[in-house]
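Listed here are the chains, written in short residue letters.
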Amino acid sequence: MSSAILDIDVDYPTSGLIRPVSDEERAAYERDGAAIVKGVIPLDWVDFMRDAVTRILEQSDPSSQNYADDGDPRFFSLTFPWMFDDAFKAWAIHGPLKHVARQVLTDAKEIIFFYDQIFAKEPGATKATPWHQDLPFLPVKGDQQIRIWVPFDKVTPEGGAIHYLRGSHKWGVIYHPVGFKNIPAITDTYVNSPYEDMPDFEADYGKYDWLVAEAEPGDLLLHHPRTVHGSLGNRTKNFRRAITSFYVGDQAVWNPHVANMFNNKSLTGHVTAPDLNVGDPIACDMFPKVWP
C-alpha cells in the first residue's frame, strides 16, 4: 500500500475519544441496529471538521450532489472528500472514529477505512432523506461493517434528525437501493439491483418502533448498514452539517454487485473503483488500514 496517499499537509487536532463506547451503547446498537453515543468527540475535532465541511459547501465542487428540488435550499452531499481534502483525510485516518469502530467491531483484527460522505441540509432544506438501508449501495460483504454519523450542529426532529427502524438489521432482508433524487442519472443505476422491493414505511410509519436520533456536536450515531433509516427535511433556521464514515474489519470482502455505488457515476464519478476481484480483502490504497 502506498504511504504517499496517507500524507497530510495540514495541522489537525490530536485529541482522542473523550470516553470509550459503553457496554450499554454497544448493546443498544446490537439490539436496535442504531445507537446514540453522547459526548465522545472532542470539541476541537468538532470545530475543525465543521470548518472543513463549511469550506466544501462553499466550494460547491462539481462532483457534489444536491438532492433538493430545484430552487430549494440545498440538501448537499459529497462522497470520498478524504481523497481530495487533507482535513477529511486527518479525520478518517487519525481521528477518533477508528477507535469507535474497533470498540464496536470487537472481533476484527484490523480496521479499514472504506469511505466518507458529507450530508448537509441548509436552513429550510425541506427535502426528506428517503427510507433506505446502506448495505445495498456498498460493494462489501461480511458482518464487520459499521457506519458512524457525526453531527457538527444540534440535530432535532424539526432539523432533520435520522429515524432508525429499530431491529430492522435483523430481518434478514436487503431492499433495493433508492435514489435520493428522482432523476435517471441516479435511479438508473439501481434498476437491476438483486435485492427486494421495500415496503411503504412512510404509509405504515406508526406500526413500527423508531429511534429518532436527536444529537448535539460531540455526539455520534452508530448504525448498522442493514438498518432501515431516513430523515425529514430541515425546517429550522440552522444548518444540519454532518459526516458519515464507514469502517470495515479484516473479514469484510469485495462484492461489486451491479447496483453498487461505483456504478452510479453521478455519485462516485470523481473517483475510480479499485482493481479488486469478488471476494478479495478490502484493504488497498483506496481503502487504507487505519488500525492497528
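See above for the structure.
**Some details on the side chain of N234**
Step number 1: Turning to its location among the elements, N234 is positioned in the loop between β11 (229-231) and β12 (240-249).
Step number 2: The exposure class assigned to N234 is buried, which follows from its relative accessible area of 0%.
Step number 3: Polar contacts involving the side chain of N234 include one to the main-chain carbonyl oxygen of N238, which spans 2.6 Å.
Step number 4: Ignoring any residue separated from it by four or fewer positions in sequence, one finds N234 in contact with K121, E122, P123, G124, A125, T126, E158, G159, G160, F239 and R240.

**As for helix α4 (residues 97-104)**
Step number 1: For α4, a buried count of six out of eight residues is recorded, marking the element as mostly surrounded by other parts of the structure.
Step number 2: Within the span of α4, buried status applies to L97, K98, V100, A101, Q103 and V104.

**Re the environment of D107**
Step number 1: Here D107 shows up in the loop between α4 and β4 (111-121).
Step number 2: On the accessibility criterion, D107 (47% relative accessible area) is partly exposed.
Step number 3: The spatial distance from the C-alpha of D107 to the C-alpha of G249 is 8.2 Å, given a sequence separation of 142 residues.
Step number 4: Beyond its immediate sequence surroundings of up to four residues, D107 is in contact with Q144 and Q251.
Step number 5: Side-chain polar atoms of D107 contact the side chain of Q144, separated by 3.4 Å.

**Topic: the packing of helix α2 (residues 43-59) against helix α3 (residues 86-94)**
Step number 1: Axis separation between α2 and α3 bottoms out at 9 Å; the angle between their running directions is 140°. Here α2 lies oblique to α3, going by the angle between them. In terms of crossing hand, the pair formed by α2 and α3 is left-handed. Packed against α2, whose contacting residues are W45, F48, M49, A52, V53, R55 and I56, the element α3 presents A87, F88, A90, W91 and H94 at the interface.

**Observations concerning the sheet that holds strand β5 (residues 129-132)**
Step number 1: In space, the four strands of this open sheet follow the order β5-β11-β8-β9, with antiparallel pairing throughout. The sheet is open, and its two edges are formed by β5 and β9 (210-213), each paired on a single side. Within the sheet, the average angular offset between the axes of one strand and its neighbour, ignoring direction, is 20°.
Step number 2: Two elements, strand β8 (residues 162-165) and β9, share four bridges in a ladder whose sense is antiparallel. Note that in β9 the partner of L165 across the bridge is W210.

**Quick notes on the pattern of salt bridges**
Where charged atoms from two side chains of opposite charge approach closely, those side chains can pair.
Step number 1: Evaluated as defined, the whole model comprises 17 salt bridges.
Step number 2: The closest approach of N and O atoms between R31 and D32, which form a salt bridge, is 3.0 Å.
Step number 3: Assessed through its relative accessible area of 9%, D32 is described here as buried.
Step number 4: D32 is paired through a salt bridge with R166; the nearest N and O atoms lie 3.4 Å apart. Of this pair, D32 sits in helix α1 (residues 23-32) while R166 sits in the loop between β8 and α5 (184-187); the two residues are 134 residues apart in sequence, bridging distant segments of the chain.
Step number 5: Look at the salt bridges and you will find they share partners, linking R31, D32, R166 and D209 into a network.

**Description of the environment of P13**
Step number 1: Secondary-structure assignment places P13 in the segment before α1.
Step number 2: As a C-alpha pair, P13 and H270 span 257 residues in sequence and 28 Å in three-dimensional space.
Step number 3: The contact partners of P13, leaving out residues within four places of it in the chain, are D44, W45 and F48.

Rules of the game
- Residues numbered from 1 in each chain as written.
- Predicted model: local features only at pLDDT ≥ 70, side-chain atom pairs only at ≥ 80, totals over all residues.
- Heavy atoms only, no water.
- Helix = DSSP H or I, 4+ residues; strand = E, 2+ residues; numbered from the N terminus.
- Buried < 20%, exposed > 50% of the residue type's maximum accessible area, 1.4 Å probe, protein only.
- Polar contact = N/O pair within 3.5 Å; in protein donor to acceptor, adjacent residues only side chain to side chain.
- Contact = heavy atoms within 4.5 Å.
- Axes fitted to C-alpha atoms, helices over the stretch in contact; angles between N-to-C directions.
- Parallel < 35°, antiparallel > 145°, perpendicular 65-115°, else oblique.
- Left-handed = near helix turned anticlockwise from the far one by under 90°.
- Pairing = 2+ DSSP bridges.
- Salt bridge = Lys/Arg side-chain N within 4 Å of Asp/Glu carboxyl O.

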